[in-house]
Amino acid sequence: MKRDNDVREVKKEYNRPRNWFESLNCAIEGVLYAVRTQRNMRYHFIIASFVLLVSLFLNLPATEFMLLVISVILLLFAEMVNTAVEETVDLIESKHNIFAKNAKDIAAGAVLISSLCVVIMSYLLFSKYLTTPLSSLLREAKEYSGHLALVSLLLVVIGVVILKASVGKGRPLHGGMPSGHSAVAYSLWTSILLLSGDPVVVLLAFLMATMVSHSRLTAGIHTKAEVFFGAILGIGVTFLIFYLYTSVLR
């Protein structure tokens, strides 16, 4: 009964836009509402801003820049539609209903497909700009590939131990900041990325590292922050070791 009264009150207070300017204002309010209430929407705006800044730094040709912008707009559009579907379903169906769940899942699937589109487009557009600097790094690193990967992994483990001891939370293989499993998994992925050069192998290694990290979340052993900082530690230390070897020590 209270929900019905709230709905009637909202209907009573809401006035339809009378002109183009008020319609535009409603559209802007819709965007602001989605950003304010949807965490994923904020993430997508941050990612979109980062990708556009990278495109500016790389001075993409007009056609490539247009394709990138279209893929980003499709992602933001899908997230907006997903938010609208969730709001509508919650308004109509207050209880758990399989059809309501299906509607939300389909809308979320549209966001997932749009996200994959942005990832694929970013790879196709940006990979050629990274090939030259990475190729020189790979040529130098492959001479001592196993040694570099092992040293990087050991330093990551040492870093995890020091941080866990400093924070004083969790046990060696259970909980605490950062996630050791996540750090090790992404350290190995980074070594494979720098040494393999095969996109399929790199992708499979990334999926494996992500699954390892996700399992720590689903098991309730680590928080998202602990998993995230573990991944940053693994990637950062491994990149640093490869960079120091190829650019400073050689």
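See above for the structure.
For every chain, the first residue of the written sequence is number 1, and numbering continues from 1 onward in sequence order. At least 70 in pLDDT is required for a residue's local features to be given in this predicted model, at least 80 for side-chain atom pairs to be given and counted, and no such filter applies to totals for whole chains, interfaces and linings, which use all residues. Only heavy atoms go into the side-chain values, all of them from the structure, while hydrogens and water stay out.

1. Thoughts on the overall build of the protein chain
(1) Moving on: Only DSSP runs of H or I reaching four residues or more are called helices, and only runs of E reaching two or more are called strands; each is numbered from the N terminus. On a plain count of helices and strands, the protein chain comes out with nine helices and zero strands.
(2) Moving on: The N-to-C order of helical and strand elements in the protein chain reads α-α-α-α-α-α-α-α-α.
(3) Moving on: In what follows, residue pairs with any heavy atoms lying within 4.5 Å of each other are defined as contacts. For the protein chain, the proportion of contacts with a sequence separation of at least 24, taken over those separated by at least 6, is 72%.
(4) Moving on: The accessible surface values rely on the Shrake-Rupley method and a 1.4 Å probe; as for residues, cover is taken only from the protein chains in view. Element-wise, carbon and sulfur atoms account for 71% of the exposed surface of the protein chain, whose accessible area totals about 16,600 Å².

2. A closer look at helix α8 (residues 199-218)
(1) Moving on: Each residue after the first adds 1.5 Å to the expected span of a helix. With 20 residues, α8 should reach 28 Å at 1.5 Å per residue; the first-to-last C-alpha distance of 28 Å fits that figure.
(2) Moving on: We call a residue buried when its accessible area falls under 20% of the maximum for its residue type, exposed when it is over 50%, and partly exposed in between, using a 1.4 Å probe and counting protein chains only. What α8 keeps buried is the set Val202, Ala205, Ala209, Ser213 and Arg216. Projection of α8 onto a plane perpendicular to its axis shows the buried side chains occupying an angular sector of 70°, all on one side. Every exposed residue of α8 that faces more than 90 degrees away from the buried side is listed here: Val200, Leu204, Met211 and Thr218. Directions from the helix axis toward the C-beta atoms define the arc.

3. Some points on the side chain of serine 152
(1) Moving on: Within the element layout of this structure, serine 152 appears in helix α6 (residues 145-167).
(2) Moving on: For serine 152, a relative accessible area of 0% translates into the label buried.
(3) Moving on: Sequence-distant contacts of serine 152, that is, excluding residues within four places in its chain, are made with Ser187, Val237, Thr238, Ile241 and Phe242.

4. Here's the deal with the nonpolar core
(1) Moving on: Only buried residues count toward a nonpolar core, which is a set of Ala, Val, Leu, Ile, Met, Phe, Trp, Tyr and Cys residues joined through side-chain atoms within 4.5 Å. If you look at the biggest cluster of nonpolar residues, it comprises eleven residues: Leu148, Val156, Val160, Ala183, Leu194, Leu195, Leu233, Val237, Ile241, Phe242 and Tyr245.
(2) Moving on: Per-element accounting of this core gives the leading share, five residues, to helix α9 (residues 224-249).
(3) Moving on: Discounting residues that sit within four places of it in the chain, leucine 233 has contacts with Val156, Gly159, Val160, Leu163, Pro178 and Ala183.

5. Quick word on a nonpolar patch on the surface
(1) Moving on: Patches draw on residues past 30% relative accessible area with no salt bridge. Two like charges within 9 Å are joined, as are two nonpolar side chains (Val, Leu, Ile, Met, Phe, Trp, Tyr) within 5 Å. Each salt bridge in this description consists of a side-chain nitrogen of Lys or Arg and a carboxyl oxygen of Asp or Glu lying within 4 Å of one another. A grouping of Trp20, Phe21, Leu24, Ile28 and Leu32 is seen on the molecular surface, where their side chains present a nonpolar patch of about 590 Å² in accessible area.
(2) Moving on: Mapped onto the fold, leucine 24 is located in helix α2 (residues 20-37).
(3) Moving on: Classification of leucine 24 as partly exposed rests on a relative accessible area of 36%.

6. Brief notes about helix α7 (residues 180-196)
Since there are 3.6 residues in each turn of an α-helix, residues three or four apart along the chain are aligned in direction.
(1) Moving on: Taking 1.5 Å as the rise per residue, α7 with 17 residues should run 24 Å; its terminal C-alpha atoms sit 24 Å apart, in good agreement.
(2) Moving on: Taken together, the buried positions of α7 are occupied by Gly180, Ser182, Ala183, Ala185, Tyr186, Ser187, Trp189, Thr190, Ser191, Leu194 and Leu195.
(3) Moving on: Pairing of N or O atoms within 3.5 Å defines a polar contact, subject to two protein rules: one partner must be a possible hydrogen donor and the other a possible acceptor, and residues neighboring in sequence count only if both atoms are side-chain atoms. Two or three places before serine 182, at the start of α7, stands the capping residue serine 179, its side-chain oxygen 3.2 Å from that residue's backbone nitrogen.

7. Observations concerning the packing of helix α3 (residues 39-58) against helix α4 (residues 62-92)
(1) Moving on: For every element, the axis is a line fit to its C-alpha atoms; helices are fit only across the contacting stretch, and the angle between N-to-C directions ranges from 0 to 180 degrees. Relative orientation of the contacting elements α3 and α4 amounts to 175°, with a least axis distance of 10 Å. Taken as axis vectors, α3 and α4 run roughly antiparallel relative to one another. Residues Asn40, Met41, His44, Phe45, Ala48, Val51, Leu52 and Ser55 of α3 form the contact with α4, whose participating residues are Phe65, Leu68, Val69, Val72, Leu75, Leu76, Glu79 and Met80.
(2) Moving on: Ten residue types, Ala, Val, Leu, Ile, Met, Phe, Trp, Tyr, Cys and Pro, are classed as nonpolar, four, Asp, Glu, Lys and Arg, as charged, and the remainder, Gly among them, as polar. Per-class residue counts for the contact of α3 with α4 are twelve nonpolar, three polar and one charged. When an angle is under 35 degrees it counts as roughly parallel; over 145 it counts as roughly antiparallel; between 65 and 115 it counts as roughly perpendicular; any other value is oblique.

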